[in-house]
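# Structural overview for review
Here is what each chain is made of, one letter per residue.
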Amino acid sequence: MGLLDKVLAPQVATAEAREDEPQLVPYPGEEALIAQASPKRRAEFITARQCARAALAKLRIPAQPILRGPTREPLWPKGIVGTLTHTAGFRGAAVAHSLVMRSVGVDAEPHLPLPDGVLGQVALPEEKAWLDSRPDEELHWDRLLFCAKEATYKAWFPLTGRWLGFEDARISFEEAPADGADRRGTFHVQLLVPGQALKGPPLAAFDGQWAVSEGFIVTGIAHGW
C-alpha cells in the first residue's frame, strides 16, 4: 500500500515515486509548461505527471499530457478529478472518476517542524491554542495542520475556482489507534467562507484522513457526492 492509499478512499487511484529518474524527459506536449523552469522544478513536474499517468492508467484512461490552467492547476481528462503533490523525496498523484468523487485533494510534507514564523501564517487562534495543548515530540502537529490546509485548498479550488486562504478554513483532528509504526487519524474542515460551487451543491465542510509514515506526513480528502 502506498502512502496516499492510506489517506484516500479505495475508489481513488494513486501512484507515487520517491525519486526522479535520471535523464528525465517531459511527456510530449508538456515541455512548454516548464521551458523556463529550474532543473529541480523540471524534475518535480515531470515525475509528478508520470505518477498522474500511472494513476490514470489504473482507471483505464489513455496516457496523455496533463496541461495547466490559468492559475497553474493541472487540467485533467474529461470525467476525471485529480490532484498532485510533491516534496523532497516524494511525488504523488491521485485521480478518480468525477461521477464517483466530486473532488480529490492530497498533500505530502516531510515529518519535520514548520520553519520559524510559518505557523502564525497558517493557524487560526483556536487552532494555535489546540496545538499548544498537545506537546508531542513524536508528532509534528504544526506541519500536519499545514499539510491538511494544503489538501483542503486542492479539494476546494476545482469546485469553486476561487482562492481559499489559510484563515478561511478551521481544521480539527482525531487520532486513530496506532497502526504499527504509523500514526493515523482523520480531520474535519469547517469552511469559513461562502462555499458556492461552479456546479452542484455549495460546500460547507470537508472530511479527510492523515497519516505519518516513513518520514512523511500525508493528508487526503476524497469528497464524494
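These lines cover the structure that appears in this document, whether it is placed above or below. (Residues numbered from 1 in each chain as written. Predicted model: local features only at pLDDT ≥ 70, side-chain atom pairs only at ≥ 80, totals over all residues. Heavy atoms only, no water.)

### Regarding the overall build of the chain
When its secondary structure is counted, the chain shows 4 helices and 8 strands. Secondary structure elements of the chain, listed N to C terminal, follow the sequence β-α-β-β-β-α-α-α-β-β-β-β. Against the 2.2 N^0.38 benchmark of 17 Å for 225 residues, the chain shows a C-alpha radius of gyration of 17 Å, consistent with a compact globule. Out of the 225 residues belonging to the chain, those deemed buried represent 49%. Considering only intrachain contacts with a sequence separation of at least 6, the fraction spanning at least 24 residues in the chain is 61%. For the chain, the exposed area adds up to about 11300 Å²; of that, 56% sits on carbon and sulfur atoms. Distance from the positive charge centre (24 side chains) to the negative charge centre (28 side chains) of the chain: 8 Å. (Helix = DSSP H or I, 4+ residues; strand = E, 2+ residues; numbered from the N terminus. Rg over C-alpha atoms; globule rule 2.2 N^0.38 Å. Buried < 20%, exposed > 50% of the residue type's maximum accessible area, 1.4 Å probe, protein only. Contact = heavy atoms within 4.5 Å. Areas by Shrake-Rupley, 256 points an atom, 1.4 Å probe, with all protein chains shown as cover. Lys, Arg positive; Asp, Glu negative; His and termini not counted. Charge placed at Lys NZ, Arg CZ, Asp CG, Glu CD.)

### Looking at the sheet that holds strand β5 (residues 169-175)
A sheet is described by the order of its strands in space; here 5 strands give the open sequence β4-β8-β7-β6-β5, paired in antiparallel fashion. Across the chains shown, the open sheet's two edge strands, defined by having one partner strand only, are β4 (101-110) and β5. Across this sheet, the average inter-strand angle for adjacent strands is 20°, counted without regard to direction. In terms of strand pairing, strand β7 (residues 205-213) meets strand β8 (residues 216-224) through 5 bridges, oriented antiparallel. Its bridge partner lying in β8, W210 is registered against T219. (Pairing = 2+ DSSP bridges. Axes fitted to C-alpha atoms, helices over the stretch in contact; angles between N-to-C directions.)

### Section: the sheet that holds strand β1 (residues 13-17)
Strand order in the open sheet formed by 3 strands is β1-β3-β2, and the pairing between neighbours is antiparallel. This sheet does not close on itself; its edge strands, each paired only once, are β1 and β2 (80-87). Along the sheet, successive strands turn relative to each other by an average axial angle of 10°, direction set aside. Strand direction decides the pairing type here: β2 and strand β3 (residues 90-97), joined by 8 bridges, are antiparallel. Within β3, the position partnered with T83 by the bridge is A94. Sitting on the sheet, helix α1 (residues 39-58) touches β1, β2 and β3, and the angle it makes with β3 is about 35°.

### Notes on unusual backbone geometry
One non-glycine residue, R60, adopts positive backbone phi at about 65°. Secondary-structure assignment places R60 in the loop between α1 and β2. Its relative accessible area of 78% is what places R60 among the exposed residues. Positive phi values are uncommon outside glycine, yet R72 reaches one of about 75°. By secondary structure assignment, the location of R72 is in the loop between α1 and β2. In this structure R72 comes out as exposed when scored by relative accessible area, which is 53%.

### So, the pairing of β2
Of all 8 residues in β2, 7 are buried; the element is thus mostly enclosed. Taken together, β2 and the strand that follows it, β3, pair antiparallel across an intervening segment of 2 residues, in which G89 is found at a positive phi of about 85°.

### Details of the nonpolar core
Ranked by size, the top nonpolar core spans 30 residues in total, and within it L145, F173, F187, L191, F206 and W210 carry the most contacts. Taken together, the elements giving at least two residues each to this core come down to α2 (119-122), α4 (141-160), β5, β6 (183-191), β7 and β8. Here the element with the most residues in this core is α4; it accounts for 11 residues. Those residues within four positions of F173 in sequence are excluded, and the remaining contacts are W130, W141, L144, L145, A148, T186, F187 and W210. Ranked by size, the runner-up nonpolar core spans 17 residues in total, among them L3, V81, V104 and V218. (Core = buried A, V, L, I, M, F, W, Y, C linked by side-chain atoms within 4.5 Å.)

### Concerning the state of the cysteines
According to the stated counting rule, one finds 0 disulfides in the structure shown. Of the cysteine sulfurs around C51, a residue in no disulfide, the closest is that of C147, at 16 Å. The class of C51 is buried, set by a relative accessible area of 5%. (Disulfide = S-S within 2.5 Å.)

### Considering the packing of helix α3 (residues 125-132) against α4
Taken N-terminus to C-terminus, the directions of α3 and α4 make an angle of 145°; their axes are 10 Å apart at the nearest point. Crossing of α3 over α4 shows right-handed handedness. Together, E127, W130 and L131 of α3 and W141, D142, L145 and K149 of α4 make up the contact between the two elements. Of the residues belonging to the contact of α3 with α4, the class tally is 4 nonpolar, no polar and 3 charged. (Left-handed = near helix turned anticlockwise from the far one by under 90°. Nonpolar A, V, L, I, M, F, W, Y, C, P; charged D, E, K, R; others polar.)

Any functional reading would require information beyond the geometric quantities listed.
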